[in-house]
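Residue-level listing of the chains:
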Amino acid sequence: MRPFTRLSARAVPLIRDNVDTDAIIPSREMRSVSKKGLADGLFAGWRYTRIGGRDPQAEFVLNQPRYAGAEILVSGANFGCGSSREHAVWALAEYGFRAVVAPSFNPIFQGNCIANGVVPAIVDASTIAAIAAGLEGADPPMLTIDLAAQTVSLPGGATWTFAIDAEAREALLAGRDPIAQTLQMAGQIRAFRAGDMAARPWIYDTVARG
């Protein structure tokens, strides 16, 4: 997982509340359990003119040339609600998004973001409105996310602080996925196992015997 420290990139405003995981990646677009091959299906119901097709819906924000190559998504409250499918984050990440800025996230989706190196930055609704207005008036529409400082800023200097769990922030800064996070406690795990083995040896004898 790539470490995330500071990113200045093109940002796209998709200001809708309750964007659910089926909108992010419709079930018909999930043809494998792999993290690959999902980007084309991202927001497929809004991005294309017909179900199953690939003719772009010109009015949809991701299809507008000024937002091409965006790495930051700005959206509304309760982003990622609905099912727990991790494919939603996989699709966002494969498309190129490294951060989502929103007033709130579904907790499972938020955890999936962190596990896959996507920063879920929480700001209030008034900040979202100000960021969206700034992006719409800018050419190119750029935004900077500084994870170390926990700030999001427009090129003109307007800066806001965003909220993120301290452990999640540490993992994203270091580029550690959940397995790597667990291995940080390898010494504690070994110490616990040794103590537990001394206290309850019969359990380990049973395991050893199969």
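Shown above is the structure to which this text applies.
Before going into details, it helps to say that this report is about the structure given with it. Bear in mind that the values here come from a model prediction, so they are computed numbers and not experimental data.

1. A few points about the overall build of the protein chain
Within the protein chain, the secondary structure is distributed over nine helices and seven strands. Principal axes of the C-alpha set define a box for the protein chain whose edges measure 65 × 40 × 25 Å. Out of the 210 residues belonging to the protein chain, those deemed buried represent 43%. Taking as baseline every contact in the protein chain between residues at least 6 positions apart, the subset at least 24 positions apart corresponds to 66%. Accessible surface, the protein chain: about 10,600 Å² in total, of which carbon and sulfur atoms supply 53%. With 20 positive and 20 negative side-chain charges, the protein chain shows a spacing of 6 Å between the two charge centroids.

2. Things to note about helix 3 (residues 87-95)
Among the residues of helix 3, those classed as buried are His-87, Ala-88, Val-89, Trp-90, Ala-91 and Leu-92. Buried residues in helix 3 make contact with helix 1 (21-24), strand 2 (72-75) and helix 4 (107-115).

3. Considerations on the packing of aromatic side chains
A complete count under the given rule lists seven aromatic pairs for this structure. An aromatic cluster of three or more residues is present, and its members are Phe-43, Trp-46 and Phe-60. Cation over ring: Arg-16 sits above Trp-46, and NZ or CZ is 4.0 Å from the ring centre.

4. Regarding the nonpolar core
In terms of nonpolar packing, the biggest core is built from 28 residues, with Ile-24, Phe-43, Leu-73, Phe-79, Leu-92 and Phe-109 touching the most fellow members. Those elements that provide at least two residues to this core are strand 1 (6-14), helix 1, helix 3, strand 3 (99-102) and helix 4. The element best represented in this core is helix 3, accounting for five residues. If we skip the residues at most four places from it in the chain, Leu-92 touches Ile-24, Leu-42, Phe-43, Leu-73, Phe-79, Phe-97 and Phe-109. By size, the runner-up hydrophobic cluster in this structure holds 25 residues, among which are Ile-72, Val-123, Leu-135 and Leu-143.

5. Describing the pattern of salt bridges
Throughout the structure, instances matching the rule amount to six salt bridges. Arg-85 is the partner of Asp-22 in a salt bridge, and the nearest nitrogen-oxygen pair spans 3.0 Å. Of this pair, Asp-22 sits in helix 1 while Arg-85 sits in the loop between strand 2 and helix 3, and the two are 63 residues apart along the sequence. The partly exposed category is assigned to Asp-22, whose relative accessible area is 38%. In this structure, Arg-54 and Glu-29 form a salt bridge, with 2.7 Å as the shortest nitrogen-oxygen distance.

Cut-offs and rules
Residue positions within a chain follow its written sequence, with the count starting from 1. Confidence filtering applies because this is a predicted model: local features only for residues at pLDDT of at least 70, side-chain atom pairs given and counted only at 80 or more, and all residues used for totals across whole chains, interfaces and linings. Derived side-chain values reflect all non-hydrogen atoms in the structure, with water molecules and hydrogen atoms excluded from consideration. Counting from the N terminus, the helices are the DSSP runs of H or I reaching at least four residues and the strands are the DSSP runs of E reaching at least two. Accessible area is worked out with a 1.4 Å probe on protein chains only. A residue is then buried under 20% of its type maximum, exposed over 50%, and partly exposed in between. Two residues qualify as a contact provided that any one of their heavy atoms is within 4.5 Å of a heavy atom in the partner residue. Throughout, the Shrake-Rupley method with a 1.4 Å probe supplies accessible areas, and for residues the shown protein chains are the sole cover considered. Charge counting follows a simple rule: Lys and Arg are positive, Asp and Glu are negative, and His as well as the terminal groups are ignored. Charged side chains are reduced to one point each, which is NZ for Lys, CZ for Arg, CG for Asp and CD for Glu. Think of it this way: a Phe, Tyr or Trp ring, Trp meaning its six-membered ring, pairs with another when their centres are within 6.5 Å, and the plane angle makes it stacked under 30 degrees, edge-to-face over 60, tilted otherwise. By definition, being over a ring means that NZ of Lys or CZ of Arg is both within 6 Å of the ring centre and within 35 degrees of the ring normal. The set of buried Ala, Val, Leu, Ile, Met, Phe, Trp, Tyr and Cys residues whose side-chain atoms join them within 4.5 Å is what this entry labels a nonpolar core. Put simply, a salt bridge is a Lys or Arg side-chain nitrogen that is within 4 Å of an Asp or Glu carboxyl oxygen.

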